[in-house]
Amino acid sequence: MSPPSGSTKELTRADIIQKADAFLMPNYARFPIALVRGEGSWVWDADGKKYLDFVGGIAVMSLGHAPEGFADVVKQQAATLAHVSNLYYTAPQAELAEELVKASFPSKVFFCNSGTEANEAAIKLARKYGKETHGDEKYEIVALFNSFHGRTFGSLSATGQVKYHKGFEPLVPGFFHVPFNDLVALEAILGMRTAAVMMEPVQAEGGVVMPSEDYLRKVREMCTKKKTLLIFDEVQVGLGRTGKLFAYQQFGVEPDILTLGKSLGGGLPMAAMLAKTELASALGPGSHAVTMGGSPLVAQAGLWAFRKLMENGFLEKSRQMGAYLREKLEGLRAIPPVQDVRGIGMIQAVELNVPARPVAAMCLEEGLLVTVVQDRVVRLVPPLNVKRAEVDRAIKILEEAIRQAEKERGSAPA
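So, a few notes on the structure that sits alongside this text. From a predicted model like this one, the values you see are computed outputs, not experimental measurements. (Residues numbered from 1 in each chain as written. Predicted model: local features only at pLDDT ≥ 70, side-chain atom pairs only at ≥ 80, totals over all residues. Heavy atoms only, no water.)

## Notes on the overall build of the protein
Argument step 1. When helices and strands are tallied, the protein shows 15 helices and 15 strands.
Argument step 2. Whereas a compact globule of 414 residues would reach a radius of gyration of roughly 22 Å, the protein reaches 22 Å, a difference of no more than 12%.
Argument step 3. Projected onto the principal axes, the alpha-carbon positions of the protein cover approximately 60 × 60 × 45 Å.
Argument step 4. Across the 414 residues of the protein, 51% fall into the buried class.
Argument step 5. Looking at the protein alone, contacts between residues at least 24 apart form 70% of all its contacts between residues at least 6 apart.
Argument step 6. Here the protein displays about 19,500 Å² of accessible surface, and carbon together with sulfur accounts for 54% of that area.
Argument step 7. Between the centroid of the 47 positive side chains of the protein and the centroid of its 46 negative side chains there is a distance of 1 Å. (Helix = DSSP H or I, 4+ residues; strand = E, 2+ residues; numbered from the N terminus. Rg over C-alpha atoms; globule rule 2.2 N^0.38 Å. Buried < 20%, exposed > 50% of the residue type's maximum accessible area, 1.4 Å probe, protein only. Contact = heavy atoms within 4.5 Å. Areas by Shrake-Rupley, 256 points an atom, 1.4 Å probe, with all protein chains shown as cover. Lys, Arg positive; Asp, Glu negative; His and termini not counted. Charge placed at Lys NZ, Arg CZ, Asp CG, Glu CD.)

What follows is the structure, given as structure tokens:
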């Protein structure tokens, strides 16, 4: 493989890691590999080792790496018009907005670059609409413990995990948290000042925690009764990840505001906030903006990727493969360290009673990439078009890694 244009030589894994450690900030606990190429469900490191990728850029690469036709679309748009700002109209942005709305609910779309930006926009819209409609005191946001909404200050304040807050206090005022799946606590906190309830339909970074039966429906009923907006953060679980195009469709509950990200750009940085049409006027000209959001380049990539998801049979095949993945994971329950298997569609998790990072490291050694959340949970988010043989290989590696972790725990000194 030839080095990228502008490189003077092809760097080895050690070269890349040394250079990165010398010049990049130390805010990531990276695994010691340097990836240089991807195709489908696979990636290769700089030393030529091949890995089965069940991380997918953290649920970004829903169509796999380098899907056929994607590079051509990006190249053509880059050679035509890459960026002009949102001072002007562009066809790719308008077309993608139209397709998102037609596939979801009557709404307006705001494009941005990342999930945290989409959530910031949702928070701002909820507060502005609340104040304009009900008065200046309608600004509080109720979110959930164990949630994750992003790293910028508004979305960080909505995130219900203290470990992400440490060192960054004071957070934005006006945010309150209640436990997930606890309707009593939610009803008790909703009041005249509550502008919105913000939640993930499935808590992805929280360990792939599923809503209990009827929970989301009853939350919707409470919000409607209390004149409170309902925000669904589908940055990670939207766009086919649960087996439906949008996660809210899986549960039959429609939000007022929906945020999307990660896979929306087909691998390029893109996110969106959708808000019911009657809310959108609260964000008039000058009220909120982003320079790069929905540029022709990323919007064209997103439009191409979205149309691939909508092709006949794609989501049905993904649902079938998600069921197969879950079936294979259920077989791991017999291994003592496994405490639970949970998830939906192509976002699945195995909870252990031992630390999960050593298990992930063993998987890495054997050629499988997985993520670790909540210290003891291994999460799998493969491409939506992953193959059966790839699922089989991943499960085999994961099972061996878990068994090895159990052996090492058993042989450790008391």
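## Examining the side chain of Asp256
Argument step 1. Within the fold, Asp256 resides in the loop between helix H10 (247–251) and strand S9 (257–260).
Argument step 2. Leave out the neighbours within four places in its chain, and Asp256 touches Phe105, Arg220, Thr228, Leu229, Leu230, Leu274, Ala275, Lys276 and Leu279.

## Focus: the environment of Ser212
Argument step 1. Counting through the fold element by element, Ser212 comes out in the loop between strand S7 (194–199) and helix H9 (215–225).
Argument step 2. Between the alpha carbons of Ser212 and Val377 there is a distance of 19 Å; along the sequence they are 165 residues apart.

## What to know about the packing of helix H3 (residues 70–78) against helix H12 (residues 296–309)
Pairs of packed helices are described in terms of their axes, by the angle between the two and the distance that separates them.
Argument step 1. As a packed pair, H3 and H12 sit with axes 9 Å apart at the nearest point and diverge in direction by 155°. By the angle class used here, H3 and H12 are roughly antiparallel. Once H3 is placed against H12, the crossing between them reads as right-handed. Across from Phe70, Val73, Val74, Gln77 and Ala78 in H3, the residues of H12 making contact are Pro296, Leu297, Gln300, Ala301 and Trp304.
Argument step 2. By residue class, the composition of the contact of H3 with H12 is eight nonpolar, two polar and no charged. (Axes fitted to C-alpha atoms, helices over the stretch in contact; angles between N-to-C directions. Parallel < 35°, antiparallel > 145°, perpendicular 65-115°, else oblique. Left-handed = near helix turned anticlockwise from the far one by under 90°. Nonpolar A, V, L, I, M, F, W, Y, C, P; charged D, E, K, R; others polar.)

## Observations concerning the packing of helix H4 (residues 91–103) against H12
Argument step 1. Closest axis-to-axis distance for the H4/H12 pair is 8 Å, and the angle between their directions is 35°. Between H4 and H12 the crossing geometry is left-handed. Facing Pro92, Gln93, Glu95, Leu96, Glu99, Leu100 and Ala103 of H4, the residues of H12 in contact are Pro296, Ala299, Gln300, Gly302, Leu303, Phe306 and Arg307.
Argument step 2. Among the residues forming the contact of H4 with H12, the class breakdown is eight nonpolar, three polar and three charged.

## Section: H3
Counting along an α-helix, one turn takes 3.6 residues, and residues three or four places apart therefore face a common direction.
Argument step 1. Buried within H3 we find Phe70, Val73, Val74 and Gln77. Down the axis of H3, the sector holding all buried residues measures 95°, keeping them to one side. Of the exposed residues in H3, those oriented more than 90 degrees away from the buried face are Ala71, Asp72, Lys75 and Gln76.
Argument step 2. Tucked inside the fold, the buried residues of H3 contact H4 and H12. (Arc of directions from axis to C-beta.)

## Notes on the sheet that holds strand S12 (residues 347–352)
Argument step 1. If you trace the four strands from one edge of the open sheet to the other, you get S11-S12-S15-S14, paired in antiparallel fashion. The open sheet has two edge strands with one neighbour each: strand S11 (338–344) and strand S14 (371–373). Neighbour-to-neighbour, the strand axes of the sheet open up by a mean angle of 25°, direction not taken into account.
Argument step 2. Where S11 and S12 come together, six bridges link them in antiparallel fashion. When the bridges of S12 are listed, Arg342 appears paired with Ala349. (Pairing = 2+ DSSP bridges.)

## Structural notes on empty space enclosed by the protein
Argument step 1. Following the criterion strictly, the structure yields four cavities of 30 Å³ or more and no others.
Argument step 2. Quantified by volume, the largest cavity comes out at close to 70 Å³.
Argument step 3. Across the lining of the largest cavity, the residue classes break down as seven nonpolar, four polar and no charged.
Argument step 4. Looking at the second largest cavity, its volume works out to about 50 Å³.
Argument step 5. Taken together, His83, Val84, Ser85, Asn86, Tyr88, Thr90, Gln93, Thr291, Gly293, Gly294, Ser295 and Pro296 form the lining of the second largest cavity. (1 Å grid on protein atoms, 1.4 Å probe; cavity = no way out; pocket = protein on both sides within 12 Å on 5 of 7 lines; lining within 4 Å. Points joined across faces, edges and corners; volume = space filled by probe spheres on them.)

## Examining the pattern of salt bridges
Argument step 1. All chains considered together, the criterion is met by 22 salt bridges.
Argument step 2. One salt bridge connects Arg193 with Glu137, and the closest N-O pair in it is separated by 3.5 Å. You can see Arg193 sitting in the loop between helix H8 (183–189) and S7 and its partner Glu137 sitting in the loop between helix H5 (115–134) and strand S5 (140–144), a full 56 residues away along the chain.
Argument step 3. For the salt bridge of Glu330 with Arg326, the shortest nitrogen-to-oxygen distance reads 2.8 Å. Here Glu330 and its partner Arg326 are both found in helix H13 (residues 314–330), four residues apart, which amounts to about one turn of the helix.
Argument step 4. The class for Glu330 is partly exposed, based on a relative accessible area of 29%.
Argument step 5. Looking at Arg326, the relative accessible area reads 22%, which means it is partly exposed.
Argument step 6. Within the structure, one salt-bridge network assembled from shared partners comprises Arg326, Glu330, Arg333, Asp340, Arg342 and Glu351. (Salt bridge = Lys/Arg side-chain N within 4 Å of Asp/Glu carboxyl O.)

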